[in-house]
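Residues per chain, in single letters:
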Protein chains: 2
Amino acid sequence: MTYCVGIEVDEGLVFAADTRTNAALDDVRVHRKLHVFEYPGQAAYVVMAAGNLATTQLLVSRLKRDAEERRTPNLRDMAHLFEAAAYVGSLLVDSQVQSQHTEHGHDGVNTQATLIFGGQIAGEQPGLYMVYPLGNAIAASPETPYLQIGESKYGKPILDRILTTSTRLEDAARTAIVSLDSTIRSNLSVGLPVDLALLRAGELRISQQLRLGADSPLYADIHQNWSRRLEQAVESLPRFPWEPQDR
Amino acid sequence: MTYCVGIEVDEGLVFAADTRTNAALDDVRVHRKLHVFEYPGQAAYVVMAAGNLATTQLLVSRLKRDAEERRTPNLRDMAHLFEAAAYVGSLLVDSQVQSQHTEHGHDGVNTQATLIFGGQIAGEQPGLYMVYPLGNAIAASPETPYLQIGESKYGKPILDRILTTSTRLEDAARTAIVSLDSTIRSNLSVGLPVDLALLRAGELRISQQLRLGADSPLYADIHQNWSRRLEQAVESLPRFPWEPQDR
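This section reports on the structure supplied with the text. (Residues numbered from 1 in each chain as written. Chains lettered and ligands numbered in written order. Predicted model: local features only at pLDDT ≥ 70, side-chain atom pairs only at ≥ 80, totals over all residues. Heavy atoms only, no water.)

**Observations concerning the pattern of salt bridges**
Part 1: For the structure shown, the criterion picks out 36 salt bridges over all chains.
Part 2: Each member of the salt-bridge network shares a partner with another, and the members are E11(A), R168(A), E170(A), D171(A), R174(A), R200(A) and E243(B). (Salt bridge = Lys/Arg side-chain N within 4 Å of Asp/Glu carboxyl O.)

Listed below in structure tokens is the structure:
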């Protein structure tokens, strides 16, 4: 499994992904699921993937090749983000078929993948899409300024409670890390390290990119102190009628 | 769907359950899923159920009848809690079969149910069990002092972060309500009001029992202010290296 979350706020975009891949409980590896495509001054994108690793690695290789060879279409020369999402979707459909070299569904292997794709093209606002295995896509909205793929349930409540379009970019990133950490604690199929990328609106490049392991100060603090912060929050809730009203 | 959580701390037991039952998205009703069995001075129990409503209502009726008619066995005259759990499990298996009046699985209807069962019998410590459709049961442990049934993923992180056996009983109850509220916000199949029961160790009765609707002060406060508390907690996390270190 996998857990990735993308957030779209007024200040820009946040992308966060775990790195655990497992074929079985005893076949666990670390693979990057967050991929950066950067053409400074022109466009910058991030692709995050959940699903079949062969499919998503093939997809990423093709996206890179198309841009390097300036094929038509390619991510570097896109005019509109929704067209870029459609292009990524069509490559995804191709890669799902290509990566199996047999009839669809053969041997019970599922070659499907789902993506979060976002970025900004010069002259446009930043945007964030979820790209489905069929190749179609939906955008994040002001009412729901985030998209999740993979093991999404554990980390959803914190996003629902905190995120609005006016959340500061770095606070959105901290929220994403808490959401990831909650999922990692609760589900073995999602694991450290966490990849994080921030794309500040208008910069037309990946503003910040980092990998957080258990030893990074921010991650360690969340892991060690988040529980205490939540405990204080729970203790600050109203008393029950039968309790002393102050303690 | 359903979401119920039972918590076992040193001070006693907490039970919390939603009340939404749905056969389809357009067939939604309110039904009690938390049932109390109280024999003051002798024993007190709570049963919470997820799954087929016909099965669980039949089970509850039988548990009541057996105790009222002092049949053998019955909840009132149990000597040990693990025996009570086994008795509840065997009645559950019977009720699953009984409630369909046909061969198992007929018409694609699943008559299975899963229970959280807990309580205290005079002379014993309180205890908490999850009873599976097969009739077997597992107990909560000091390392994992809670059990969940139904739509459990959304509400799990807050339990993982906060609960230890030394958590105060009322704080455990507040944590359960936050866990329920997080689930209700994220999943349509879980809904208000919330039923809550507290069983303080040694009292051999249900110490507190209440139903929380959207208008109860505790629930309203969680709903209105929990997000702000979480926001403050997120803002208190360490800065990223590129941010000003104080704000």
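What follows picks up the thread again.
**Notes on the sheet that holds strand β1 (residues 3-9) of chain A**
All names here are of chain A.
Part 1: With respect to topology, 5 strands assemble into an open sheet ordered β10-β1-β2-β11-β12, the strand pairing being antiparallel. Both outer strands of the open sheet, β10 (146-150) and β12 (208-212), are each paired with one neighbouring strand and no more. The average undirected angle you get between the axes of adjacent strands in this sheet is 10°.
Part 2: The pairing of β1 with strand β2 (residues 12-17) spans 6 bridges and is classified as antiparallel. (Pairing = 2+ DSSP bridges. Helix = DSSP H or I, 4+ residues; strand = E, 2+ residues; numbered from the N terminus. Axes fitted to C-alpha atoms, helices over the stretch in contact; angles between N-to-C directions.)

**Describing the sheet that holds strand β12 (residues 208-212) of chain B**
Residues and elements named next belong to chain B.
Part 1: Reading across from one edge, β10-β1-β2-β11-β12 is the order of the 5 strands in this open sheet, with antiparallel pairing throughout. Looking at strand neighbours, the two that pair on one side only are β10 (146-150) and β12, the edges of this open sheet. The sheet shows a mean angle of 10° between the axes of neighbouring strands, direction not considered.
Part 2: For strand β1 (residues 3-9) and β10, the ladder comprises 5 bridges, and the chain directions are antiparallel. For Y3, the partnering residue across the bridge sits in β10 and is G150.

**Concerning the nonpolar core**
Part 1: Among the nonpolar cores identified, the biggest contains 67 residues, and I7(A), V14(A), W226(A), I7(B), V14(B), L196(B) and W226(B) are the most heavily contacted of them.
Part 2: Ignoring anything within four residues of it in the chain, the contact list for I7(A) reads G12(A), L13(A), V14(A), L128(A), P145(A), Y146(A), L159(A), L163(A), A172(A) and A176(A). (Core = buried A, V, L, I, M, F, W, Y, C linked by side-chain atoms within 4.5 Å. Buried < 20%, exposed > 50% of the residue type's maximum accessible area, 1.4 Å probe, protein only. Contact = heavy atoms within 4.5 Å.)

**Some thoughts on empty space enclosed by the protein**
Part 1: In this structure the tally under the stated criterion is 1 cavity of 30 Å³ or more.
Part 2: Here the largest cavity is characterised by a volume of approximately 170 Å³.
Part 3: Along the walls of the largest cavity sit 16 residues, with P157(A), I158(A), P157(B), I158(B) and L230(B) positioned nearest its centre.
Part 4: Going through the elements one at a time, α3 (156-162), α4 (169-186) and α5 (217-235) of chain A together with α3 (156-162), α4 (169-186) and α5 (217-235) of chain B are the ones with two or more residues in the lining of the largest cavity.
Part 5: Considered class by class, the residues forming the lining of the largest cavity number 12 nonpolar, 2 polar and 2 charged. (1 Å grid on protein atoms, 1.4 Å probe; cavity = no way out; pocket = protein on both sides within 12 Å on 5 of 7 lines; lining within 4 Å. Points joined across faces, edges and corners; volume = space filled by probe spheres on them. Nonpolar A, V, L, I, M, F, W, Y, C, P; charged D, E, K, R; others polar.)

**Side note on the packing of helix α1 (residues 53-68) of chain A against helix α2 (residues 81-98) of chain A**
All names here are of chain A.
Part 1: Direction vectors running N to C along α1 and α2 enclose 130°, while the axes themselves pass 9 Å from each other. When the axes of α1 and α2 are compared, the pair comes out oblique. Here α1 runs over α2; the crossing is right-handed. Across the interface between the two elements, T55, L58, L59, R62, L63 and D66 of α1 pack against Y87, V88, L91, L92, D94, S95, Q96 and Q98 of α2.
Part 2: By residue class, the composition of the contact of α1 with α2 is 7 nonpolar, 4 polar and 3 charged. (Parallel < 35°, antiparallel > 145°, perpendicular 65-115°, else oblique. Left-handed = near helix turned anticlockwise from the far one by under 90°.)

Just geometry here; none of it tells us what the structure is for.
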